[in-house]
Amino acid sequence: MKNILIQLLQNALAKINVSATEKIASSLERTRDQAHGDFASNIAMMLAKSLNTNPRALAQTIIEHLPKHLLLEKVEIAGPGFLNFTLNKVAYHQELAKVIKEGSSYGHSNIGHGAQVQIEFVSANPTGPLHVGHGRGAAIGDSLARLLIATGFNVTKEFYYNDAGAQINNLTASTKARIDGLNPTHPNWQDSYYRGEYIADIAKSFLNKETVIADDRSITATGDKDDLESIRDFSVAYLRREQDLDLKAFGVKFDVFFLESSLYATKKVEQVVSRLTQRGYTYEQDAALWLKSTDFGDDKDRVMRKSDGSYTYFVPDVAYHLSKWERGFVRVINEQGADHHGTISRVRAGLQALEMDIPKHWPDYVLHQMVMVLKNGEEVKLAKRAGDYVTLRDLIDDVGKDATRFFLVARKPDSQLQFDIDLARSQGNDNPVYYIHYAHARICSVLRERENQSNLTLDTHNLSSLGLLNLPHEYDLMRLISRFSEMIIIASNNNSPHLIAAYLQDLAASVHAYYNIVDATGTKIKILTKDINCLDAQALQDAKIFLISAAKQVLANGLDLLGLSAPERM
């Protein structure tokens, strides 16, 4: 519908020899007040100064040259030069028919034209169970991937395992301590060791010589408490398997698991350092090798190789992102916690210093803020198994996958989030997940009852009965349904899946309100009426069924974009 108006405005401006193709789309917005029509454009105000004319006069000229269109009822000038467009209701009837016809693909588009996009998210160190922060990253990253797929991009979802470095050494030492019979109360226990009970589980499995399978490998423990290499490999594989199970329970599946250790095994880290040195962007100081990252906008130069010969963590990060570029991902989105903010400038600086024509602001980043978990009005800080944080599995087991995903994605990523367990478990209108699920299940209940009365064929070619939908609320519901396609594009373009969550709450509210509207006499208007004594009454009921069927489909499609189910009974 918006595209039709864009085309009409383009044609009108072309007739007066004005080119403003890029500005037209941004000038058009849905109106909040129905009295102002369905869409409003400030294109005349945007162009008037450059054309040395009055905005209202330009708006009038545009109207005079605007082509006629069946779906456009009227265009009016408002205020200093706004163009207010009112669509014919037939436009909304056709949109409802489109919903029914396209079903689960309604709202999808091909603005991506199959372009390759990689989204990296979660990327937790294999040193413990996934925590609630990882869960927020998983919910946002997976929903964003779904949005990009729905808008025509070819998406690869990738998980980067930091399976090398100091944290893995500490994991090995922690497991070894447990194998030797130490626990956090023992005088020889180190403060740096991981304290969670999961370390004791790994130690027990290792001594039992168990086999674990994690994505790309199968590891059997030797059971030898002095075999540090076996302890290391088994511990990493064990926790990778645990994280895989958590992600499966969360409904998240990755296409690629990339190992940091592979960057060392294939000499990619050394190759990056060598290229940076050859390009003249490194220097030695205090027995360390530094990158001249200030040459590329960083606030200070960064150490690449420490005096002990080991690399700092951002060097393999640069090598990893180089691999993304070499794999053909022109667009890359990293969804990470806000604590990774400092890595953005240094990774981009390292990529620029390679001088390989990588865009200056590549890759993109979506950073999410921390999550505070509340129960009984108080913050929950610990999980028994993890020892020092709330795990994702705790939330899934407590409130379910759908509630966990929705609550973690429902707010803008850069805003802090309070996850109220009591609210997520409640079955009332205050719980947005329950509210949306109930709207979908409620429509399903009506449709089952309608099928028991008589068969109904939703004929997308016979829309005349939809003209009987004259209640203001029915018109509002149609308008809201028609916004769905635009919302997907907006959410996709702005890496903002929370916009879909907000839209679903609005649509659910409109659906529930439809059950409670009354006529001029105060009588509640029913969607289904068993006593239908005339053809118009039958046609009106069919039209109402058509409308709520479209609402049901859009609810289901929106829930799927967030990785949630659409229950038919509750």
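Whatever comes next refers back to the structure up there.
The structure displayed is predicted, hence computed values, not measured ones.

What is the right way to look at the pattern of salt bridges in this model?
Pairing between side chains of opposite charge can happen when their charged atoms approach one another. Taken as a whole, this structure holds 20 salt bridges when the rule is applied. Between Asp 38 and Arg 479 there is a salt bridge, and its shortest N-O distance comes to 3.0 Å. One end of the pair, Asp 38, is in the loop between strand E1 (28–30) and strand E2 (39–41); the other, Arg 479, is in helix H18 (residues 472–482), and 441 residues separate them in sequence. Note that Asp 299 is salt-bridged to Arg 302, the shortest N-O span being 2.7 Å.

Would you mind showing me how to read the side chain of Thr 127 here?
Positionally, Thr 127 belongs in the loop between strand E5 (116–121) and helix H6 (132–150). Residue Thr 127 is classed as buried on the basis of its relative accessible area of 9%. Setting aside its immediate chain neighbours within four residues, Thr 127 contacts Gln 167, Ile 168, Leu 171, Tyr 194, Tyr 198, Leu 239 and Gln 243.

I tried to follow the pairing of strand E10 (residues 282–285) on my own but got confused; where do I start?
Where a strand is regular, its side chains alternate between the two sheet faces. Bridging between E10 and strand E11 (residues 288–291) involves 4 bridges; their strand directions are antiparallel. Residue pairing across strands places Glu 284 opposite Leu 289, the latter belonging to E11.

What am I meant to see in empty space enclosed by the protein here?
Over the atoms, a rolling probe the size of a water molecule traces out where space has been left empty. Per the stated rule, a full pass over the model turns up 1 cavity of 30 Å³ or more. Size it by volume and the largest cavity reaches roughly 50 Å³. Lining the largest cavity we find Met 1, Ile 4, Leu 5, His 69, Leu 71, Leu 72, Leu 87 and Ala 91. Partitioned by chemical class, the residues of the lining of the largest cavity number 7 nonpolar, 1 polar and no charged.

Got a minute to help me understand the sheet that holds strand E12 (residues 302–305) in this structure?
Backbone-to-backbone hydrogen bonds pair the strands of a sheet. The strands run either parallel or antiparallel. Ordered in space as E10-E11-E12, the 3 strands form an open sheet in which the pairing is antiparallel. The sheet is open, and its two edges are formed by E10 and E12, each paired on a single side. Across the sheet, the axes of successive neighbouring strands diverge by a mean angle of 45°, strand direction being ignored.

Just to check I follow, could you spell out the pairing of strand E8 (residues 217–220) for this structure?
Bridge count for strand E7 (residues 211–214) against E8 is 4 bridges, and the pairing is antiparallel. Looking across to E8, one finds that Ile 213 is bridged to Ser 218. Remark: 2 residues form the turn of the hairpin made by E7 and E8, two consecutive strands paired antiparallel; Asp 215 in that turn has positive phi of roughly 55°.

Teacher, can you tell me more about the environment of His 341 here?
Here His 341 lies in helix H13 (residues 341–353). Look at His 341 and you get exposed, because its relative accessible area is 53%. Remark: the alpha-carbon pair of His 341 and Tyr 365, spanning 24 residues in sequence, is separated by 8.9 Å.

Mind showing me how you'd approach the side chain of Thr 391 here?
Checked against the element boundaries, Thr 391 lands in the loop between strand E16 (378–380) and helix H14 (392–399). A relative accessible area of 6% means that Thr 391 is categorised as buried. Among the polar contacts made by the side chain of Thr 391, one reaches the side chain of Asp 394 at a distance of 2.8 Å.

Sorry if this is basic, but what is going on with helix H8 (residues 197–207) here?
Listed in full, the buried residues belonging to H8 are Tyr 198, Ile 199, Ile 202, Ala 203, Ser 205 and Phe 206. Down the axis of H8, the buried set is contained in an arc of 165°. They therefore lie on one face. The inward-facing, buried residues of H8 contact helix H7 (166–179) and helix H9 (228–249). Taken from the residues just after H8, Lys 209 is the one with a positive phi, measuring 55°.

What is the right way to look at the nonpolar core in this model?
The tendency in soluble globular proteins is for nonpolar side chains to be buried as a group. Counting residues in each nonpolar core, the largest one holds 119 residues, and the members touching the most others are Ile 62, Phe 85, Phe 419 and Ile 481. The biggest single contributor to this core is helix H21 (residues 535–561), with 11 residues. For Phe 85, the residues in contact, after removing those within four places along its chain, are Leu 5, Leu 9, Leu 28, Gly 37, Asp 38, Phe 39, Ser 41, Leu 66, Leu 72, Lys 74 and Val 75. Core analysis: the second largest hydrophobic core is formed by 28 residues, Leu 291, Phe 314, Leu 354 and Ile 358 among them.

I would appreciate a short explanation of the sheet that holds strand E13 (residues 331–337) in the present structure.
Reading across the sheet, the 5 strands line up as E9-E6-E5-E13-E14 and stay open at both edges, with parallel pairing between neighbours. Of all the strands in the sheet, just strand E9 (256–259) and strand E14 (364–368) have a single pairing partner and so form its edges. Here the average twist between neighbouring strands, direction ignored, is 25°. By the bridge criterion, 4 bridges tie strand E6 (residues 154–161) to E9 in an arrangement that is parallel. Note on E9: the bridge partner recorded for Phe 159 is Phe 257. Of the strands in this sheet, E5, E6, E13 and E14 touch H6, which is tilted by about 170° from E5. The strands that H9 touches are E6 and E9; relative to E6, the one it contacts most, it runs at about 145°.

The rules behind each value
Residues numbered from 1 in each chain as written. Predicted model: local features only at pLDDT ≥ 70, side-chain atom pairs only at ≥ 80, totals over all residues. Heavy atoms only, no water. Salt bridge = Lys/Arg side-chain N within 4 Å of Asp/Glu carboxyl O. Helix = DSSP H or I, 4+ residues; strand = E, 2+ residues; numbered from the N terminus. Buried < 20%, exposed > 50% of the residue type's maximum accessible area, 1.4 Å probe, protein only. Contact = heavy atoms within 4.5 Å. Pairing = 2+ DSSP bridges. 1 Å grid on protein atoms, 1.4 Å probe; cavity = no way out; pocket = protein on both sides within 12 Å on 5 of 7 lines; lining within 4 Å. Points joined across faces, edges and corners; volume = space filled by probe spheres on them. Nonpolar A, V, L, I, M, F, W, Y, C, P; charged D, E, K, R; others polar. Axes fitted to C-alpha atoms, helices over the stretch in contact; angles between N-to-C directions. Polar contact = N/O pair within 3.5 Å; in protein donor to acceptor, adjacent residues only side chain to side chain. Arc of directions from axis to C-beta. Core = buried A, V, L, I, M, F, W, Y, C linked by side-chain atoms within 4.5 Å.

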